[in-house]
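# A structural walkthrough
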Amino acid sequence: MRLSPFLVPLILIFIPTFLGSVFAISPLKTDTLEPGQQLRDWEQLMSAGGIFTLGFFTPKESSTFELGSAGLRYLGIWPQRSPFNPVWVGNPTESISDSSGSLSIDVNGVLKITQANAFPILVNQRLAGQLSLVGNVSATLLDSGNFVVREIGPRGVSGRVLWQSFDHPTNTLLPGMKIGFNLRTKKEVSVTSWISDQVPLPGAFRLGLDPSGANQLLVWRHGEIYWSSGILTNNGSSHLTLELSRSYIDYEFKFDSDKYMKYFSYSIKKANSSVLSSWFLDTLGQITVTNVLSSNKSTNYISESSEPCKTDLKNSSAVCITEKPTACRKGSEYFEPRRGYMMENKKGYFNSYYVDSLSSGLSDCHQNCWRNCSCIAFQAFSSNGCQYWGKGSKFVPYDSFTSNLITYVLDSVK
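Residues numbered from 1 in each chain as written. Predicted model: local features only at pLDDT ≥ 70, side-chain atom pairs only at ≥ 80, totals over all residues. Heavy atoms only, no water.

### Structural notes on the pairing of strand β18 (residues 191-196)
The condition is simple: With a 1.4 Å probe rolled over the protein chains alone, any residue whose accessible area is under 20% of its type maximum counts as buried; one over 50% counts as exposed, and the rest are partly exposed. Only runs of H or I of at least four residues qualify as helices and only runs of E of at least two qualify as strands under DSSP, and these elements are numbered from the N terminus. Here, a strand pair is defined by DSSP locating no fewer than two bridges between the strands.
Within β18, 6 of the 6 residues are buried, which leaves the element mostly enclosed by the surrounding structure. Where β18 lies against strand β19 (residues 199-209), 4 bridges are found, and the strand directions are antiparallel. Residue pairing for β19: Val 191 is matched across the bridge by Leu 207.

### Side note on the sheet that holds strand β12 (residues 136-141)
Taken in spatial order, the 4 strands of this open sheet run β2-β12-β13-β14, and their pairing is antiparallel. Strand pairing shows two members of the sheet lacking a second neighbour, β2 (32-33) and β14 (158-164), which therefore form its edges.

### A few points about the environment of Val 292
Mapped onto the elements, Val 292 comes out in strand β25 (residues 287-294). In this structure the C-alpha to C-alpha distance between Val 292 and Ser 274, which are 18 residues apart in sequence, comes to 8.0 Å.

### What about the side chain of His 366?
To keep it simple, the criterion reads: Note on contacts: a residue pair is in contact if any heavy atoms of the two residues lie within 4.5 Å.
Examined against the element boundaries, His 366 turns out to sit in helix α1 (residues 362-371). Judged by relative accessible area, His 366 falls into the buried class, the value being 1%. For His 366, the residues in contact, after removing those within four places along its chain, are Val 319, Ile 321, Glu 323, Phe 335 and Phe 378.

### Description of the nonpolar core
Let me state the cut-off plainly: By nonpolar core is meant a set of buried Ala, Val, Leu, Ile, Met, Phe, Trp, Tyr and Cys residues that side-chain atoms within 4.5 Å join together.
Core analysis: the largest hydrophobic core is formed by 78 residues, its most contacted members being Leu 54, Leu 103, Leu 111, Phe 147, Phe 264 and Trp 279. Top contributing element to this core by residue count: strand β30 (residues 375-380), with 5 residues. By size, the runner-up hydrophobic cluster in this structure holds 5 residues, among which are Tyr 74, Trp 78, Val 89 and Trp 194.

### Structural notes on the packing of aromatic side chains
Convention followed: Side-chain rings of Phe, Tyr and Trp (the six-membered ring for Trp) are treated as a pair once their centres are within 6.5 Å; stacked means planes under 30 degrees apart, edge-to-face means over 60, and tilted covers the remaining angles. To sit over a ring, a charge needs its Lys NZ or Arg CZ within 6 Å of the ring centre and within 35 degrees of the ring normal.
A complete count under the given rule lists 13 aromatic pairs for this structure. With a centroid separation of 5.8 Å and 15 degrees between ring planes, the pair formed by Tyr 251 and Phe 253 is classed as stacked. Of the residues examined, Tyr 251 reaches a relative accessible area of 2% and is grouped as buried. Feature note: the residues Tyr 251, Phe 253, Phe 255, Phe 264, Tyr 266 and Trp 279 constitute an aromatic cluster, connected by ring pairs. Above the plane of the ring of Tyr 263 lies Lys 178, whose end atom (NZ or CZ) is 4.2 Å from the centre.

### Some thoughts on the state of the cysteines
Test applied: We call a pair of cysteine sulfur atoms a disulfide when they lie within 2.5 Å.
The full count for this structure, using the stated rule, is 3 disulfides. A disulfide bridge connects Cys 328 with Cys 373, and the sulfur atoms are separated by 2.1 Å. Because the torsion about its S-S bond is -95 degrees, the bridge between Cys 328 and Cys 373 counts as left-handed. Separated by 45 residues along the polypeptide, Cys 328 in the loop between β26 (299-306) and β27 (335-338) and Cys 373 in the loop between α1 and β30 bring together distant segments of the chain. Look at Cys 373 and you get partly exposed, because its relative accessible area is 34%. Here Cys 369 is linked by a disulfide to Cys 375, with a sulfur-sulfur distance of 1.8 Å. Residues Cys 369 and Cys 375 are joined by a disulfide whose S-S torsion is about -95 degrees; by sign, that bridge is left-handed. The exposure class assigned to Cys 375 is buried, which follows from its relative accessible area of 0%.

The following block contains the structure:
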């Protein structure tokens, strides 16, 4: 599959850090949570080197987030010194309705979010009741971005790992994180897109290891192969865009297996400065590789995107999703975002409904409209839901339209 790689030029920026203090019922180490302590909504853990932060956040539009208590709350991990989205979410399927949430760890190593007027949320529920412990436990946020629950032996010596967030990725792959197949549980470990920028529920796209054994990565869209990296070596691949960042850093890709897992992982082998790297799978199935190179004098932000979309878009803001041709769509058509509203009529308006739980935001709304020859426009709600308009409906531009909803209109509609 040929790609239309999109490269974001190198941007030199200064990124201020935001520091979060940690307060608790009993004194906390800055990077560690222990039994008897609580991490409340306004508090944060910070890794020992100040690289990553763990705390509660609210997702917002345009891939941003805020630490304030307004809106649905989630437990997450994010880089301290860059404008990344959270790289991991601890409760993607169970949000907290207000700022009453707090994280704790019990003597068995179970991480639990308690909240007012609601049942607790188990972050690592598979651990509950499965292990026999001989010492104490603690949960530590590492400079790698991994949140690790360990057994603590005599004199405070770290023991075996009981659970770690790297085994449960959400929409971001970090250096040292493994995706592939767990040989014990027979389950796949993969990166999964969100439904929308505001809803971290699992979306339509999934990035994982090729099950055929080939040294390549695949992106699936609801179980169908949507994109392939091509054979991936340390010299690169034909489909994964890394040319710009390779001028500054050396990647090391690893396809391997051990007694626990068959996997892919990557690391930064060589760089001229400190590097913070991530591979982000967005809501449209696009992989964005971001590297932040920091030195004493400056911070360099490098972002490169590999777009599975093959459509030659005349509007750079149009929805870039590859769809299969149908009887009425040749494949060159596209839906572009417009601010305004649709004028309905009895013949033109053919449906208005909220889709079921199998639908996953903008990409599913796009696919449903694409497959219906009568559909000329749609809206995608931030949670599960779409609204469609058919032929005969008219779009009325209105730049001052107060609704936050964008209408996606077929490019041929004037």
